[in-house]
Amino acid sequence: MEGKQVGDFVCFNYKDPEEHVSPVHMRASLSSIRLKTGDWLYSNRRRPLMQLVEDTVGKHDFFFPACDYYRYKVDFGKEDHPNCHDNIAAALKKYDIHPLSFRIPSIYL
């Protein structure tokens, strides 16, 4: 990889894909805007889904969502630009996982 790309992290409950890691709920549950080793990653139902056991990054941004169709359409006027949200939705579709939060906009159907 070149440049200053970031990696999007996605975590959800396999048995119920509607439950997923939620930065908003995680900040409230941790009472912090920073992650540290040992912290739990909380879901939109305020349940711990994973624990951060090792951190090789050090500083995490969980204020901004992954880029999506609307980011490129509204901010840049691009209708068909590849984006993180739709890439993960397409990857999950291969495994017959279709969480509502990962529905692909109708322009791709």
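This text goes with the structure placed above it.
Residues numbered from 1 in each chain as written. Predicted model: local features only at pLDDT ≥ 70, side-chain atom pairs only at ≥ 80, totals over all residues. Heavy atoms only, no water.

Participant: Got a minute to help me understand the overall build of the protein in this structure?
Facilitator: Per the secondary structure count, the protein includes 3 helices and 4 strands. Walking the protein from its N terminus toward its C terminus, one meets helices and strands in the order β-β-α-β-β-α-α. For the protein, the residues scored as buried account for 25% of the 109 residues in total. For the protein, long-range pairs separated by at least 24 residues make up 43% of all intrachain contacts whose partners lie at least 6 apart in sequence. Accessible area for the protein stands at about 8200 Å²; split by element, carbon and sulfur atoms hold 55% of it. (Helix = DSSP H or I, 4+ residues; strand = E, 2+ residues; numbered from the N terminus. Buried < 20%, exposed > 50% of the residue type's maximum accessible area, 1.4 Å probe, protein only. Contact = heavy atoms within 4.5 Å. Areas by Shrake-Rupley, 256 points an atom, 1.4 Å probe, with all protein chains shown as cover.)

Participant: Looking at this structure, I do not really get the nonpolar core. What am I missing?
Facilitator: If you look at soluble globular proteins, the nonpolar side chains tend to sit buried side by side. Of all hydrophobic cores here, the largest spans 9 residues; its members are Cys11, Val21, Met26, Leu30, Leu35, Leu41, Tyr42, Leu52 and Phe62. At the level of secondary structure, the elements contributing two or more residues to this core comprise helix 1 (23-30) and strand 3 (40-42). In this structure, Tyr42 is in contact with His20, Val21, Ser22, Met26, Ser29, Leu30, Arg47 and Pro48, ignoring residues within four places of it in sequence. (Core = buried A, V, L, I, M, F, W, Y, C linked by side-chain atoms within 4.5 Å.)

Participant: Where do I start with unusual backbone geometry in this structure?
Facilitator: Negative phi is the rule for most residues except glycine; trans is the rule for most peptide bonds. One non-glycine residue with positive phi stands out, namely Ser31, at about 55°. With respect to the helices and strands, the residue Ser31 is situated in the loop between helix 1 and strand 3. Assessed through its relative accessible area of 67%, Ser31 is described here as exposed. Backbone geometry at Arg46 places phi at a positive 60°, although glycine is not the residue there.

Participant: I'm lost on helix 3 (residues 84-93) in this one. Help?
Facilitator: Because the α-helix completes a turn every 3.6 residues, residues three or four places apart line up on one side. By the burial criterion, the buried members of helix 3 are His85, Asp86, Ala89 and Leu92. Viewed end-on, helix 3 has its buried residues packed into an arc of 125°, placing them on one side of the element. Where helix 3 is buried, its residues contact strand 1 (12-13) and helix 2 (69-76). If you check the start of helix 3, you find a side-chain oxygen 3.2 Å away from the backbone N of His85, and it comes from Asn83. (Arc of directions from axis to C-beta. Polar contact = N/O pair within 3.5 Å; in protein donor to acceptor, adjacent residues only side chain to side chain.)

Participant: What am I meant to see in the pairing of strand 2 (residues 16-20) here?
Facilitator: Side-chain direction in a regular strand flips from residue to residue, so the side chains alternate between the two faces of the sheet. Relative to strand 2, strand 1 runs antiparallel, the two being bridged by 2 bridges. By the bridge assignment, Asn13 is partnered in strand 2 with Asp16. Between strand 1 and the antiparallel strand that follows it, strand 2, lie 2 residues. (Pairing = 2+ DSSP bridges.)

Participant: Is there a simple way to think about the side chain of Ser22 in this case?
Facilitator: Its location among the elements puts Ser22 in the loop between strand 2 and helix 1. Judged by relative accessible area, which is 8%, Ser22 ranks as buried. One polar contact links Ser22 to His25, side chain to side chain, over a distance of 2.7 Å. Not counting residues up to four positions away in its chain, the partners in contact with Ser22 are Tyr42, Ser43 and Asn44.

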